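# Structural overview
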Amino acid sequence: MSKAKTAVLIINLGTPDSPSVKDVRRYLREFLMDRRVIDIPFWRRFFLIHGIIAPFRAPESAKGYQQLWTVEGSPLKVHGQKLEALLDRELGDDYVVRLAMRYQNSSIESVLSQFENKGFKKLIIVPLYPQYASSSTGSTLEEVMRVVREWEVVPEIKLVSQFFNHPLFIKAFAEIASSYVIPAKVGIQYQHYLFSYHGLPERQILKASCDNYCRLGDCCSVYHSKNQYCYRAQCFETTRLVAQELGIKKEQYTICFQSRLGKEPWIKPYTDEVIKDLARRGVKKVLVFSPAFVADCLETTIEIGHEYKKLFQEHGGEQWQLVESLNTHPLWVQCLKEIVLHA
């Protein structure tokens, strides 16, 4: 390892060690106790997570993980490990690539310890979140700096904070979706296309991304210099680029946000409400994208692929298809290679 010049750390959100209720509860506690994820005072967050959310949500979440789990383990981690090997091979002998998880194992701290005092000239950090959010990318980079600041020798560090509009990221999603979008390949003509992103509380967008210059109106639906770190605007831009690549017209798709927690306002529109509305309008066939995730996980396979499909069909829908995530697609590997080489 010491012969390489550059260390590369790719980081995803994380996954429980197993689909057991005990391990899922431990994962939820670590994840939701992050001050950037639930940004309320510590004592309120502690009571909420340890006293209410983790005890009651863990058994239900464990059922989802049990559906998701494979013989190899959690898909998010399995795809991540394969991606690590592919990217390491693509970059060559001058680079060493390792995968870490923001929450649970393998932790950022444990993986970074493999790089300490190994003579690397540069350390490149790539959180695997296409769109920037304080609760995902921000939290991940903060944890990296917490660990590295204790090192005696700190190499040159490059932090990648977003890649929501990278041409190869867009092309990779479009290529995976193309087999569904072209009716001749699947025998189905979808009536509508849904782009569902992970949601965030409105206050986090206003506090961290928009400089309070707007109220989540039309200005957050178009990406530009004043809102370059606005998660919602970045989601809209990713959608516009993927749709453009596939020849999908603006009136044919809807952008929405899933996975909200609690009763406070989250960024809208909500995916479950959009689904009901589409079904009520007589839309029978929907193709769904989830470009906030680069690997299939609980939020894609279970929430979108199963739960939202059931919701759509219960309200009169017929055909519901999830576009698989990037996982280890060759264009995705090339995208990461470009990101690293340009860092």
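See the structure above.
To start, this report covers the structure provided alongside it.

What counts and how
- Residues numbered from 1 in each chain as written.
- Predicted model: local features only at pLDDT ≥ 70, side-chain atom pairs only at ≥ 80, totals over all residues.
- Heavy atoms only, no water.
- Helix = DSSP H or I, 4+ residues; strand = E, 2+ residues; numbered from the N terminus.
- Rg over C-alpha atoms; globule rule 2.2 N^0.38 Å.
- Buried < 20%, exposed > 50% of the residue type's maximum accessible area, 1.4 Å probe, protein only.
- Contact = heavy atoms within 4.5 Å.
- Pairing = 2+ DSSP bridges.
- Axes fitted to C-alpha atoms, helices over the stretch in contact; angles between N-to-C directions.
- Expected span 1.5 Å × (residues − 1).
- Phe/Tyr/Trp six-rings, centres within 6.5 Å; stacked < 30°, edge-to-face > 60°.
- Lys NZ or Arg CZ within 6 Å of the ring centre and 35° of its normal.
- Right-handed = clockwise from strand over helix to strand, strands pointing away.
- Parallel < 35°, antiparallel > 145°, perpendicular 65-115°, else oblique.
- Nonpolar A, V, L, I, M, F, W, Y, C, P; charged D, E, K, R; others polar.
- Patch = residues over 30% accessible without salt bridge, like charges linked within 9 Å, V, L, I, M, F, W, Y side chains within 5 Å.
- Areas by Shrake-Rupley, 256 points an atom, 1.4 Å probe, with all protein chains shown as cover.
- Salt bridge = Lys/Arg side-chain N within 4 Å of Asp/Glu carboxyl O.
- Disulfide = S-S within 2.5 Å.

### A short note on the overall build of the protein
What the protein contains, in helices and strands, is 12 helices and eight strands. The C-alpha atoms of the protein give a radius of gyration of 20 Å, which matches the 20 Å a tight globule of 343 residues would have. Considering the protein as a whole, with its 343 residues, one finds that 55% of them fall into the buried category. Considering only contacts within the protein whose residues lie at least 6 apart along the sequence, 75% involve residues at least 24 apart.

### A few points about the sheet that holds strand S8 (residues 319–322)
Strands sit in the order S6-S5-S7-S8 across an open sheet of four strands; the sheet is parallel. Only two strands of the sheet have a single neighbouring strand rather than two, namely strand S6 (253–258) and S8. Here the strands of the sheet are splayed against their neighbours by 25° on average, with no regard to which way each runs. Alignment of strand S5 (residues 192–198) against strand S7 (residues 285–289), held across four bridges, turns out to be parallel. Directly across from His 192, in S7, lies its bridge partner Val 286. Lying over the sheet, helix H6 (residues 167–181) contacts S5, S7 and S8, oriented at roughly 175° with respect to S7.

### Observations concerning helix H2 (residues 42–68)
Between its terminal C-alpha atoms H2 stretches only 32 Å, short of the 39 Å expected from 27 residues at 1.5 Å a residue. Structurally, H2 contributes buried residues whose contacts are with helix H1 (21–32), helix H3 (75–91) and helix H11 (298–314).

### Comments concerning the sheet that holds strand S4 (residues 156–159)
A sheet is described by the order of its strands in space; here four strands give the open sequence S2-S1-S3-S4, paired in parallel fashion. Two strands close off the open sheet at either side, each with one partner strand: strand S2 (95–103) and S4. Strand-to-strand, the axes of this sheet are offset by a mean angle of 20°, without reference to chain direction. Examined bridge by bridge, strand S1 (residues 6–14) and strand S3 (residues 122–127) share six bridges and lie parallel to one another. Residue pairing across strands places Leu 9 opposite Ile 125, the latter belonging to S3. Sheet strands touched by H3: S1 and S2. Its angle to S2, the strand with the most contacts, is close to 160°. Contacting S1, S2 and S3, helix H12 (residues 330–342) crosses the sheet at an angle of about 140° to S3.

### A look at the packing of aromatic side chains
Scanning the model with the defined rule gives 13 aromatic pairs in all. With a centroid separation of 5.3 Å and 45° between ring planes, the pair formed by Phe 312 and Trp 320 is classed as tilted. As far as burial versus exposure is concerned, Phe 312 and Trp 320 are alike and both buried. The residue whose ring lies beneath Arg 260 is Tyr 270, and the NZ or CZ to ring-centre distance is 3.9 Å.

### Description of the pairing of S4
Of the strand pairs in this sheet, S3 and S4 are connected by four bridges, and their pairing is parallel. Its bridge partner lying in S4, Ile 124 is registered against Lys 158. Read as a crossover between parallel neighbours, the route from S3 over helix H5 (residues 134–148) to S4 is right-handed.

### Thoughts on the packing of H6 against H12
It is the contact of H6 with H12, at a shortest axis distance of 8 Å, that shows an interaxial angle of 175°. Comparing the axis directions of H6 and H12 gives the class roughly antiparallel. The segment H6 lies against H12, with Leu 168, Phe 169, Lys 171, Ala 172 and Glu 175 engaging Leu 331, Trp 332, Gln 334, Cys 335 and Glu 338. Of the residues contributing to the contact of H6 with H12, the split by class is six nonpolar, one polar and three charged.

### Quick look at a nonpolar patch on the surface
Residues Phe 42, Trp 43 and Phe 46 make up a contiguous nonpolar surface patch of about 410 Å² in total accessible area. Among the structural elements, Phe 46 can be located in helix H2.

### Examining the state of the cysteines
What we call a disulfide is simply a covalent bond connecting the sulfur atoms of a pair of cysteines. Within this structure, the stated rule accounts for zero disulfides. Looking at the unpaired Cys 235, the closest cysteine sulfur is the one in Cys 230, lying at 8.3 Å. For Cys 235, a relative accessible area of 0% puts it in the buried group.

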